[in-house]
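# Close look at the chain arrangement
As a plain string of letters, each chain reads:
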Amino acid sequence: MADAATKCGLLACGAAVGAAVAWKLAHRPYKPPKKWTAPAGGSGGKWASINAETSGAREEKALPVGDHDVQLYSLGTPNGVKVTILLEELVGILPGFEYDAWLTKIGGDQFGSGFVAINPNSKIPALYDRSTETRVFESGSILVYLCDRYDTKGEFLPLAGPERTECLNWLFWQMGSGGYLGGGFGHFYSYAPVKIKYAIDRFTMEAKRQLHLLDSVLATKRFLCGERFTIADMAIYPWYGKIAQGSLYGAKEFLDVATYPNLIRWAEDCAARPGVVRGNKVNRTWGKQADQLHNRHARSDFDALPKDE
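Quick caveat: nothing in here was measured; it's all calculated off a predicted structure. (Residues numbered from 1 in each chain as written. Predicted model: local features only at pLDDT ≥ 70, side-chain atom pairs only at ≥ 80, totals over all residues. Heavy atoms only, no water.)

## A word on the environment of L87
Examined against the element boundaries, L87 turns out to sit in helix α2 (residues 78-93). Distance from L87 to Y237, taken between C-alpha atoms, is 15 Å for residues 150 residues apart in sequence. Dropping the residues within four chain positions of it, L87 is found in contact with V70, L72, F97, Y99 and L146. (Helix = DSSP H or I, 4+ residues; strand = E, 2+ residues; numbered from the N terminus. Contact = heavy atoms within 4.5 Å.)

See below:
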């Protein structure tokens, strides 16, 4: 019995030493080489299998095409939702407007030749307008294009003057700031295979600064540009509004979003709009079945979804 106990103790000690050595190796200071080379097995993390250092198509694959002029290829992530919210808002004010939205899964779909022909950067969302034979990529560019092409009365993007510029100010603020929230805070807090305190602290600081900025602006405004719901709100809500509501990265408590009451109120106002409710469901593949409309081709598609569970 003593020999067995001694053996178990030695094994446990060896395991502890091995774990300590592994921890030291994983946390030793990293000195970048003179020339970077891709690590064997990829960069690590959730998306390691699809990340690469080169661009371009990886396979020949045509895209599906529906009956309508506007063809969207996307996924219900924050960047994708920006566009489906606008499309559903346009459906709400334009009786004859329709569009097709095709589910494009992150994991390979965006590297097909058909998708790359529309977006050489291989990122969702991507849009093709058959009526003008125009490809549009980058979510902000898509929002502006759709308003200029179909929102002829300037409901969601003012047609001219300081009001239009202010709306574009906030749209481009999101396009420039979103990377710190998603690729910075979201990645290191939720997805990185190793939790790095420096990285989390660095991007949490910036995320909270951005949340404070929005909360301060919204203290005197219903929406970001005043009383009107615009593409500025549509671009910012799927990121910062969902952070405030606790549905993105599970970081509501960590970021202490209760200290941003104006941002929370604004997020609730955005979320209550019928166009936002529908837009949140398009190309979504997670959550309740009632909230998942994988492919969208007509207004009536929402009627076929199961009722709320």
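## Focus: the environment of N295
Topologically, N295 is positioned in the segment after α9 (274-279). Note on N295: relative accessible area 32%, which makes it partly exposed. C-alpha of N295 to C-alpha of L103: the two residues are 192 residues apart in sequence and 5.6 Å apart in space. Apart from residues lying up to four places away in sequence, N295 is in contact with A101, W102, L103, N283 and D301. Within the structure, N295 has its side chain in polar contact with the backbone nitrogen of L103 (distance 2.8 Å). (Buried < 20%, exposed > 50% of the residue type's maximum accessible area, 1.4 Å probe, protein only. Polar contact = N/O pair within 3.5 Å; in protein donor to acceptor, adjacent residues only side chain to side chain.)

## Considering the packing of aromatic side chains
Under the criterion given, the structure shown has 12 aromatic pairs. Measuring from ring centre to ring centre gives 6.1 Å for F185 and F254, while their planes differ by 25 degrees; the resulting arrangement is stacked. Placement of F185 in helix α5 (residues 161-191) and of F254 in the loop between α7 (231-245) and α8 (261-271) is noted, with a sequence separation of 69 residues between them. Judged by relative accessible area, which is 1%, F185 ranks as buried. On the basis of relative accessible area, F254 is assigned to the partly exposed category, the value being 41%. Between Y191 and Y249 the ring centres are 6.2 Å apart and the planes differ by 80 degrees, which places this aromatic pair in the edge-to-face class. Note that Y191 is positioned in helix α5 and Y249 in the loop between α7 and α8, a separation of 58 residues in sequence. Three or more aromatic residues link up through ring pairs in this structure, and these residues are F185, Y189, Y191, Y249 and F254. (Phe/Tyr/Trp six-rings, centres within 6.5 Å; stacked < 30°, edge-to-face > 60°.)

## Some thoughts on the UniProt feature "domain: GST C-terminal" (unreviewed entry) in the protein
Within the UniProt annotation, "domain: GST C-terminal" (unreviewed entry) is assigned to residues 160-302. In this annotation, residues 160-302 is assigned 59% helix and 0% strand; the end-to-end C-alpha distance for the span is 35 Å. (UniProt positions renumbered as here; feature names shortened; annotations may be inferred.)

## With respect to unusual backbone geometry
For the bond from I124 to P125, the omega torsion is 0 degrees, close enough to zero to count as cis. In this fold, P125 is placed in the loop between α3 (113-118) and β3 (126-129). A positive phi is found at D256, a non-glycine position, where the angle reads about 50 degrees. Tracing the sequence through the fold places D256 in the loop between α7 and α8. Residue class for D256 comes out partly exposed when judged on its relative accessible area of 39%. Its identity is not glycine, yet N283 carries a phi of approximately 60 degrees, on the positive side.

## Digging into the nonpolar core
Soluble globular proteins tend to pack their nonpolar side chains together in the buried interior. Ranked by size, the top nonpolar core spans 64 residues in total, and within it L86, L146, I231 and W266 carry the most contacts. Every element with two or more residues in this core is listed here: β1 (70-74), α2, β2 (99-103), α4 (139-150), α5, α6 (197-217), α7 and α8. Among the elements that make up this core, the one with the highest residue count is α7 (10 residues). Other than its neighbours up to four places away in sequence, W266 contacts L218, R222, F223, L224, D233, I236, Y237 and G241. Membership of the second largest hydrophobic core comes to 8 residues, among which are Y73, L75, I118 and I124. (Core = buried A, V, L, I, M, F, W, Y, C linked by side-chain atoms within 4.5 Å.)

## Considering the UniProt feature "domain: GST N-terminal" (unreviewed entry) in the protein
Using the residue numbers shown here, the UniProt feature "domain: GST N-terminal" (unreviewed entry) corresponds to residues 67-154. As annotated, residues 67-154 comprises 39% helix and 20% strand, and the C-alpha atoms at either end are separated by 26 Å.

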